[in-house]
Amino acid sequence: MELDPDDVFRDDDDDSEYEYLQQKEATKELVVYVVDASPRMFDTMCPGEDGKEESHFHIAVSCISQALKTQIINRSYDEVAICFFNTREKKNLQDLNGVFVFNVTEREYLDRPTARLIKEFDHVEESFQKQIGSQYGIVPGSRDNSLYNALWAAQALLRKGSAKTTEKRILLFTNEDDPFGSIKGVTKLDMARTTLQRAKDAQDLGITIELLPLSSPDAKFRLSHFYADMIGLEGEALSQFEQSVSGRLEDMRDMLRKKMFKKRRYRRITFSIADGLSIELSAYAVIRPTLPGNITWLDSVTNLPIKSERSFICGDTGALLDEPSKLFQPYRNEDIQVLADEVLEIKKVSTGPLCLLGFKPLSCLKDYHNLRPSTFLYPSDEEVMGSTQIFVALHRSMLQLKRFAVAFYGNAASPHLVALIAQVHGSYSSLQYKEEITTSNGQVEPPGMHMIKLPYADDIREIEEDYVDKSSSTPYASEDQIKKAVAVMKRVDLKDFSVCQFSNPVLQRHYSALQALALEEDEMPDVKDETLPDEKGMSRPGVVNALEEFKLSVFEDSYETEDNNEPSRKRKAEPDDAVKDSAKYDWHELADSGKLKDLTVAELKSYLVANNLPVSGKKEVLISRISTHMRK
C-alpha cells in the first residue's frame with residue numbers, strides 16, 4: 001500500500017475523541033452509597049419542598065436517585081452500588097448480618113447507572129419494610145456491629161480496579177451521630193475501636209469515606225461523638241462541617257452534588273525537563289464544556305451499538321488480506337518499503353507529551369495569548385518518586401526570576417507550544433507542598449502551574465478600529481458615583497458563590513426529556529433555571545434604594561431614556577441594507593455556474609435577509625437554502 005503522508009501522522013491517539021476517552025479512563029469512579037435504614041431514619045420527619053413532612057430515609061433515597069440520574073448523563077462510565085445497613089434481612093457476598101446490598105449481590109462487579117436501576121430504586125420505599133425491613137443493628141447484649149459490617153461489605157465491593165486508575169468512594173447517609181450510644185463500658189469502646197480500624201483499613205487501600213449527615217429538627221448532628229475520628233475532621237474544619245449539616249432535602253442534594261463534582265484529574269503527563277530527567281504531573285481541567293452526549297448508531301434489528309471494522313482487499317484477486325498491509329513510498333521508479341518501526345520514528349516529534357524548551361520573561365506573555373482555558377498542573381509521586389521536590393524547585397525559581405517556561409505539548413497530529421506559568425502562593429517550601437497533596441487523585445490547594453496553549457501566528461489578528469472620535473473626551477466617574485456603585489455591589493453581594501452551583505438550563509431540559517423517555521415518566525421533570533436573577537432578592541428595599549441612588553448619581557434628574565423606537569429603526573434598516581447588497585449579484589447565474597461557494601458568508605446572508613430566510617448554519621447550509629429558494 002502506498003504511503004499516505006496524512007495517514008502516517010494519524011493514529012488512534014489522534015482521534016478527536018481520544019482526549020475524552022483518556023479523561024474517562026483517568027476519572028472513572030466507583031461509588032458505594034451506604035444508607036442507614038434504622039427505625040430512627042423512618043421516624044424522624046423534616047419539612048419537604050412542598051411543605052409536607054418527609055422522613056430522613058426518603059431524603060437519602062431521593063438524593064441518591066437524583067445523583068444516579070446525574071451520573072447517567074455526565075459520567076455513565078462510573079460504577080455504583082447501593083448498600084443498606086441496620087436491616088432485618090441480609091443480602092451480601094460476605095453473609096454479614098444487618099447489611100442488604102440492593103443491586104450487587106450475586107457477583108463482585110458494580111453496576112453502571114442505568115434506567116432500569118433508577119426505576120427499581122425509585123420504588124424501593126414502597127416495599128422496603130416488607131422485603132428488607134428495618135431494625136437497630138447495634139443493641140446491648142449483642143456483638144453484632146452493622147456499621148462495621150456495612151464498611152466491610154462496601155470495601156469488598158470496591159476491590160475491583162486500581163486506586164491509580166479509578167477513584168473509590170463510600171458515601172454514608174445517617175442521622176445517628178453516636179451509633180454506639182446504646183452500649184456502655186468496655187464493649188462500646190471495643191466496637192468503636194474496631195469500626196474505626198475498619199474505616200482506616202479502607203482508607204489505606206485508597207478508598208475515600210465521606211459522610212452526609214442528616215440533622216433532626218430538635219437536635220444538631222454532633223460529629224464529635226464518633227464520626228469526626230472516622231473521617232478525620234478536627235478544629236475549625238470540624239466546626240464548619242457541623243454548621244453545614246441539615247435535614248432538608250434541598251440542602252442534602254446540594255451537599256451531595258458538591259461531593260460528586262469534586263476536583264478530578266483527567267490525565268497524567270510526563271514532563272521531560274532535560275535528557276534523562278522527567279517528572280510526573282497530574283492535569284486538571286479548569287473549564288470543561290458541557291455538551292450533549294455523542295450519537296451512538298444502533299443496529300436496526302438487534303438494537304446493539306454498531307462497531308466499524310476496516311479490512312484490506314487485494315486489488316488483483318479481491319481476496320481479504322490476512323496479514324497487515326505494508327507501506328511503501330515510490331522513489332525513482334522503485335517502491336521503498338517502510339517498516340512499522342520507521343513509521344513510528346517519523347511520527348515522533350519529541351521525547352514526551354510535555355517537553356521543556358526554555359524560559360522567557362513574564363513580560364513577553366501577553367493577555368491575548370490566552371485564547372483557550374488553561375490546564376492546571378500539579379506534581380504527583382505515584383509513578384515517579386521525587387516529582388514533587390523537582391517541581392517545587394522549578395516553581396520557586398520561576399517565581400523568583402519572574403519567568404515562565406515554554407514547552408512542547410501534544411502529538412504529531414496536534415503539536416502546540418505552551419506556556420507554563422507558576423501560580424503565586426504565600427509559601428514555597430517543600431513542606432507546604434507535601435501538606436497540600438492530601439489524596440492520590442485530588443489536588444486541594446495551589447501552588448501549581450497553569451498550562452496555556454500559545455496561539456499560532458495566524459491566530460492573532462490586529463484590532464481594526466473603524467472610527468475613533470478624537471475630539472470627544474473620555475468620561476470618568478466621580479467620587480460620589482464610585483461610592484454609590486460600591487454600595488450597590490455590597491447590597492447584591494453573592495454569598496458562597498461557586499460556578500459549580502449552576503447548570504446549563506438548555507442542556508437540563510434536553511436531559512429531562514431523555515429521562516422522561518427512559519424512565520417512562522408521564523410528565524417531564526421541572527427544570528429550574530439557576531441563571532435567572534433573584535427577583536425576590538433584588539426587590540428588597542435596601543437593594544432598590546441603592547440602585548436608585550446610583551442611577552440618580554450617574555444620570556441625574558433630567559435624564560431621559562432613549563427613544564424606544566430606535567432599536568426597531570435599526571432592525572428595519574438591516575433588511576434595507578441587505579436588499580441593496582443582494583441586488584449587486586446575479587444570484588441565478590451564480591447558482592447555475594456553481595459559483596455560490598466563492599462568495600463569503602456575509603454576502604450569502606445578504607440574500608437570505610433580503611428574502612426573509614433564516615441565516616443560521618454553516619456556509620454549505622446557506623448555499624443549499626439559497627438554491628432551494630430559487631428553485632421555487
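Residues numbered from 1 in each chain as written. Predicted model: local features only at pLDDT ≥ 70, side-chain atom pairs only at ≥ 80, totals over all residues. Heavy atoms only, no water.

Student: Is there a simple way to explain the pairing of strand 7 (residues 207-213) in this structure?
Tutor: Sheet faces and side chains relate simply in a regular strand, where the side chains alternate between the two faces. Judged by how many residues are buried, strand 7 sits mostly within the fold: six of seven residues are covered. Relative to strand 7, strand 6 (residues 167-174) is paired through seven bridges, and the arrangement is parallel. Looking across to strand 7, one finds that threonine 174 is bridged to proline 213. (Buried < 20%, exposed > 50% of the residue type's maximum accessible area, 1.4 Å probe, protein only. Helix = DSSP H or I, 4+ residues; strand = E, 2+ residues; numbered from the N terminus. Pairing = 2+ DSSP bridges.)

Student: Sorry, what's going on with the pattern of salt bridges here?
Tutor: Oppositely charged side chains can form a pair if their charged atoms are brought close together. With the rule as written, the count across this model stands at 13 salt bridges. Among the ionic pairs, arginine 193 bridges to aspartate 190, the shortest N-O distance being 2.6 Å. Of this pair, arginine 193 and aspartate 190 both sit in helix 8 (residues 185-204), three residues apart, roughly one helical turn. Its salt-bridge partner being lysine 484, residue aspartate 480 comes within 2.8 Å of it at the nearest N-O pair. Placement of the pair is aspartate 480 and lysine 484 together in helix 15 (residues 479-491), with a separation of four residues, close to one helical turn. Beyond isolated ion pairs, a larger network of salt bridges with shared partners links Glu29, Arg169 and Glu210. (Salt bridge = Lys/Arg side-chain N within 4 Å of Asp/Glu carboxyl O.)

Student: In this structure, what is going on with the sheet that holds strand 1 (residues 29-36)? I would like to understand it.
Tutor: Sheet strands pair by backbone hydrogen bonding; their relative direction is either parallel or antiparallel. Strand order in the open sheet formed by five strands is 5-4-1-6-7, and the pairing between neighbours is mixed. Only two strands of the sheet have a single neighbouring strand rather than two, namely strand 5 (99-101) and strand 7. On average, adjacent strands in this sheet sit at an angle of 20 degrees to one another, irrespective of strand direction. Relative to strand 5, strand 4 (residues 79-85) is paired through three bridges, and the arrangement is antiparallel. Bridged to cysteine 83 within strand 5 is valine 101. (Axes fitted to C-alpha atoms, helices over the stretch in contact; angles between N-to-C directions.)

Student: Just checking my understanding: could you explain the nonpolar core for this structure?
Tutor: Burial of nonpolar side chains together is a common tendency in soluble globular proteins. Membership of the largest hydrophobic core comes to 40 residues, with the highest contact counts inside it found for Val32, Val34, Leu172, Leu223, Tyr227 and Met230. A per-element tally of this core places helix 7 (residues 146-157) first, with six residues. Those residues in contact with tyrosine 227 that lie beyond four places of it in its chain are Leu147, Leu172, Thr174, Glu176, Asp177, Pro179, Leu211 and Phe221. Counting residues in hydrophobic clusters, the runner-up holds 29 residues, among them Cys63, Ile118, Val124 and Phe173. (Core = buried A, V, L, I, M, F, W, Y, C linked by side-chain atoms within 4.5 Å. Contact = heavy atoms within 4.5 Å.)

Student: For this particular structure, what's the right way to read helix 18 (residues 541-555)?
Tutor: Each turn of an α-helix holds 3.6 residues, which means side chains three or four residues apart point in the same direction. Its 15 residues give helix 18 an end-to-end C-alpha distance of 21 Å, which sits within 8% of 21 Å, the value for a rise of 1.5 Å per residue. For helix 18, the full list of buried residues reads Val543, Ala546 and Ser553. In a view along the axis of helix 18, the buried residues occupy a sector of 100 degrees, so they form one face of it. Those residues of helix 18 that are buried lie in contact with helix 15 and helix 17 (535-538). Following helix 18 by one or two positions, glutamate 556 adopts a phi angle in the positive range, close to 65 degrees. (Expected span 1.5 Å × (residues − 1). Arc of directions from axis to C-beta.)

Student: I'm lost on unusual backbone geometry in this one. Help?
Tutor: Trans is the prevailing form of peptide bonds, just as negative phi is the prevailing case for residues other than glycine. Of note, the phi angle at asparagine 333 is positive, near 60 degrees, even though the residue is not glycine. Here asparagine 333 shows up in the loop between strand 10 (327-330) and strand 11 (335-338). One non-glycine residue, asparagine 612, lies in positive phi territory at about 55 degrees.

Student: Any chance you could explain the packing of helix 7 against helix 8 here in plain terms?
Tutor: The interhelical angle for the contact between helix 7 and helix 8, taken along N-to-C directions, is 15 degrees, at an axis separation of 9 Å. Here helix 7 lies roughly parallel to helix 8, going by the angle between them. By crossing handedness, the relation of helix 7 to helix 8 is classed as left-handed. Residues Leu147, Tyr148, Leu151, Trp152 and Gln155 of helix 7 lie in contact with helix 8, whose contacting residues are Thr194, Thr195, Arg198, Ala199, Asp201 and Ala202. Residue classes in the contact of helix 7 with helix 8 are distributed as six nonpolar, three polar and two charged. (Parallel < 35°, antiparallel > 145°, perpendicular 65-115°, else oblique. Left-handed = near helix turned anticlockwise from the far one by under 90°. Nonpolar A, V, L, I, M, F, W, Y, C, P; charged D, E, K, R; others polar.)

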